Amino acid sequence: MNSERLNELLEKLKTIDCKNIDTILNLARKIEKERIKIKTKGSVKIAVIASYSIQYFVMVLRAMLLSENIDADIYEGKYDGINMEILSDKSELYKFSPDIVIILTNYTDIKKFPNLLESDEEVKKQLELDINYYKNLWNKLSENNTCHIFQTNFALPIEREAGNLEANYFSTKTNYYNLLNLELLKERRKNVNIIDVEYFSSYVGKKYWFDYGGYYLAKLGFNVDYLGLFSQIIVKQIKAVLGIVKKCLVIDLDNTIWGGVVGDDGVNGIILDPNNPIGEAFRNFQRYIKQLKDRGVILAVCSKNNEEIVKEVFAKNEFMILKPDDISYFAVNWNDKASNIIKIANEINIGIDSMVFFDDNPAERAIVSKYLPKVTVINVPEDPSEYIRVLEEASPFEWIQITKEDFNRSNTYIDDAKRKLLKDKIESYDEYLKMLKMKVKIHKLNENSKERFVQLINKTNQFNVRTKRYNENEIDQMQLDKNKILFTISLEDIYSNYGIISNVILECKGKECFIDTWVMSCRVFKRNVEYIVLNKIIEIAKLNKCTRIIGEYIPTEKNKVIKDLFKELGFERYEENEGNKERELYIKEKFELNNISEIQILEDDYKT
């Protein structure tokens, strides 16, 4: 930002408790005035459409996005304008051409319900009508614009026409809303994510979430006190779409995942006994952490301790839920924790801003916050029974989707330790690569791989030559374009099956083959897979009678690691583009294939 005053206000906003809505609204107003003064240019276009008044929400959302360095151009839909905005081809919404559309629904949107004693069949008929309405909205948006869609589900209202019997009859309003929420989940398009307002309203308490006076007076969709918290939820989802995600949970040990100090209490003296209420709390927290690991979050340990004793606890204490193979990296020594977190990031090859730190010691948290401001530091309470709640409230690991590759992620990082041992034993790096016995599969993009294809494009920051993000709807359109070629690379070695680790989108027109997208997982850097990919690009270029391949590198803060990629692959700098700092164009006219004998190609859809 160019304004010192704006930066000052944004820094202040970061420190404010989201529950302090008066201060947040006051700051948001001031931020909006400063933003208008300097005429910031939005980097992402977001449309917000709702059944209720959204003026305050949009103002707070914009301010919170700015505080996360996301300068959003936001289209504010008209009051109760979901139908008008989406279903009309002449709507201003489509002229705006948003990257992201947020649809905020309200339980009052549902006008017709089954009769109290209606048959199950009639309930299903009514449900189908309502679901088809929302499917039509999604389809219409997707036909007119390649956007990502967020839609809230329905927060079940307080009123119950049948009292406690509401839960006993299939046809009651409460059950109808529940069915509707489930159907939204089942029928959503791939470019649609459901925002779980029903969970959030239940969490804060429905008698607090619903503000009937605010609705009657100003048509507010929920209590204004929760504007900050709700905006924060939406910001996390938008960040996920933009590829800004947290990947790794870094945990302390003593009084964090077990009670006591292992150096003093011994391997079996720490508090973990399930018959002890404190031990049970720590075990449940471990169980929660393990669930995060099982869905793809990387776990790392950062502890001032004796490594030998720590490893013994993980291996031998009968009450431990977490096991050695659940931890991708142990940084156990007497160094300061900020330095150790940097070491963890380097060892597992992820960015510092991808990390979340959980430590019971406030002094350690303060040090990490000061020296590593990009790390998310959880404010841990003294009571271990509250650990799950605070981590769940912080919800740092918000992703757009989960794929089967995510389930195996932690294991591949753990297997990296085995690879390192192998590498240390062998003097020649080429010999080390041969010992890994790598095998790749090259496949045209298909329905089975599309979800991972989209995820990898949107989550990869380091090996990403142009850092262009595409949603599934846009990928669908590319597959219909005869000039576009989309393919994936899968990898396995003697230790792990990584699944899909690289994606490429090519555009072959006339004599030119342009590399629109090339991403690769950081887990397989420096394994010569890039030469296999280049060979395939060359083969496809020849097949399409292209005489030159054009590569473009758009520098970002995170992809500096591949700034010389095209030079290393034999491309030459495109003379017409010399001196352009915003992007670098490279050209390859000599189509020699690289001999990569250490990698076996098992399958290849594009064999010519």
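In what follows, the structure referred to is the one given above.
None of these values were measured; they are calculated from a predicted model.

Criteria and thresholds
Residues numbered from 1 in each chain as written. Predicted model: local features only at pLDDT ≥ 70, side-chain atom pairs only at ≥ 80, totals over all residues. Heavy atoms only, no water. Helix = DSSP H or I, 4+ residues; strand = E, 2+ residues; numbered from the N terminus. Buried < 20%, exposed > 50% of the residue type's maximum accessible area, 1.4 Å probe, protein only. Contact = heavy atoms within 4.5 Å. Areas by Shrake-Rupley, 256 points an atom, 1.4 Å probe, with all protein chains shown as cover. Lys, Arg positive; Asp, Glu negative; His and termini not counted. Charge placed at Lys NZ, Arg CZ, Asp CG, Glu CD. Patch = residues over 30% accessible without salt bridge, like charges linked within 9 Å, V, L, I, M, F, W, Y side chains within 5 Å. Salt bridge = Lys/Arg side-chain N within 4 Å of Asp/Glu carboxyl O. Pairing = 2+ DSSP bridges.

Caption draft 1: Region of interest: the overall build of the protein. Secondary structure summary: the protein contains 24 helices and 19 strands in total. Along the longest, intermediate and shortest principal axes, the C-alpha atoms of the protein span 75 × 70 × 60 Å. When the 608 residues of the protein are sorted by exposure, 55% land in the buried category. Taking all contacts inside the protein whose residues are at least 6 apart in sequence as the whole, residues at least 24 apart take part in 73%. Carbon and sulfur atoms form 47% of the exposed surface of the protein, whose accessible area is close to 28600 Å². Between the centroid of the 89 positive side chains of the protein and the centroid of its 95 negative side chains there is a distance of 4 Å.

Caption draft 2: Broad picture of a nonpolar patch on the surface. There is a patch of nonpolar side chains on the surface, built from L116, L117, L165 and Y169 and spanning about 400 Å² of accessible area. Checked against the element boundaries, L165 lands in the loop between β4 (148-152) and α7 (173-187).

Caption draft 3: Examining the sheet that holds strand β7 (residues 298-304) more closely. Across the sheet, 5 strands lie side by side as β8-β7-β6-β9-β10; this open sheet has parallel pairing. Sheet topology places β8 (329-333) and β10 (376-377) at the edges, where each strand pairs with a single neighbour.

Caption draft 4: Spotlight on the pattern of salt bridges. For the structure shown, the criterion picks out 39 salt bridges. As a salt-bridge pair, K293 and D326 come within 3.2 Å of each other at their nearest N and O atoms. You can see K293 sitting in helix α13 (residues 277-294) and its partner D326 sitting in the loop between α14 (307-316) and β8, a full 33 residues away along the chain. Accessibility assignment for this pair places K293 and D326 in one class, buried. Among the salt bridges present, the one from K484 reaches E507, with a minimum N-O distance of 3.4 Å. Note that K484 is positioned in strand β13 (residues 484-492) and E507 in strand β14 (residues 497-509), a separation of 23 residues in sequence. A cluster of three or more residues bridged by salt bridges with shared partners is formed by K290, K293, D294 and D326.

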